[in-house]
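Here are the chains, one letter per residue:
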Amino acid sequence: QVQLVESGGGLVQAGGSLRLSCAASGRTFGSYDMGWFRQAPGKEREFVAAIRGSGGRAWYLDSVKGRFTISRDNGKNTVYLQMNSLKPEDTAVYYCAADPSVAVVRVAREYDYWGQGTQVTVSS
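Residues numbered from 1 in each chain as written. Predicted model: local features only at pLDDT ≥ 70, side-chain atom pairs only at ≥ 80, totals over all residues. Heavy atoms only, no water.

A. The pattern of salt bridges, seen in detail. With the rule as written, the count across this model stands at five salt bridges. The shortest N-O distance in the salt bridge between aspartate 90 and arginine 67 comes to 2.8 Å. Placement of aspartate 90 in the loop between strand S8 (78-83) and strand S9 (92-99) and of arginine 67 in the loop between strand S6 (58-60) and strand S7 (68-73) is noted, with a sequence separation of 23 residues between them. As far as the burial class goes, aspartate 90 and arginine 67 line up, both buried. (Salt bridge = Lys/Arg side-chain N within 4 Å of Asp/Glu carboxyl O. Helix = DSSP H or I, 4+ residues; strand = E, 2+ residues; numbered from the N terminus. Buried < 20%, exposed > 50% of the residue type's maximum accessible area, 1.4 Å probe, protein only.)

B. Local environment of the pairing of S8. Here S8 lies mainly inside the structure; five of its six residues are buried. Pairing between strand S3 (residues 18-24) and S8: six bridges, direction antiparallel. Its bridge partner lying in S8, arginine 19 is registered against glutamine 82. Two strands pair when backbone bridges link them, and S7 and S8 are joined in this way by six bridges, in the antiparallel orientation. Directly across from aspartate 73, in S8, lies its bridge partner threonine 78. Hairpin remark: S7 followed by S8, antiparallel, with four residues in the connecting loop; positive phi at asparagine 77, about 50 degrees. (Pairing = 2+ DSSP bridges.)

C. Examining the state of the cysteines more closely. Applying the stated criterion across every chain yields a total of one disulfide. Disulfide pairing is shown between cysteine 22 and cysteine 96; the S-S distance is 2.1 Å. Between cysteine 22 and cysteine 96 the sulfur-sulfur dihedral comes to about -80 degrees; the bridge is accordingly left-handed. Taken together, the residues span a long stretch of sequence, with cysteine 22 in strand S3 and cysteine 96 in strand S9 at a distance of 74 residues. On the accessibility criterion, cysteine 22 (0% relative accessible area) is buried. (Disulfide = S-S within 2.5 Å.)

D. A look at unusual backbone geometry. One non-glycine residue, asparagine 77, adopts positive backbone phi at about 50 degrees. Position of asparagine 77 relative to the elements: it lies in the loop between S7 and S8. The phi angle at serine 85 is positive, at roughly 50 degrees, despite the residue not being glycine. If you trace the backbone, serine 85 turns up in the loop between S8 and S9.

Listed below in structure tokens is the structure:
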């Protein structure tokens, strides 16, 4: 079992930055594929970014490329999402997800474990 706890959300003006953290329990965190998803009111949950257990490869939603960076510190059992140049359309609840092995990183149902989410609100 893996438990995930997100933090770092909040209210920020457009153009600002936030860093989300996802702290994971479990000894095998380092081998888990990790993802960030988001869900805005009235919309489907959307893939944002993912990183392999080794940390060697990452994927991004096209609209966040160049602005967001996913990273992980396996020694701290934590994955991060650095979000720069935030836009109002980035407003959503952001969720951390984990799975021992994900075939298609952009698909939410591929992940077995989810955090409770953290709200990010970007004002214009």
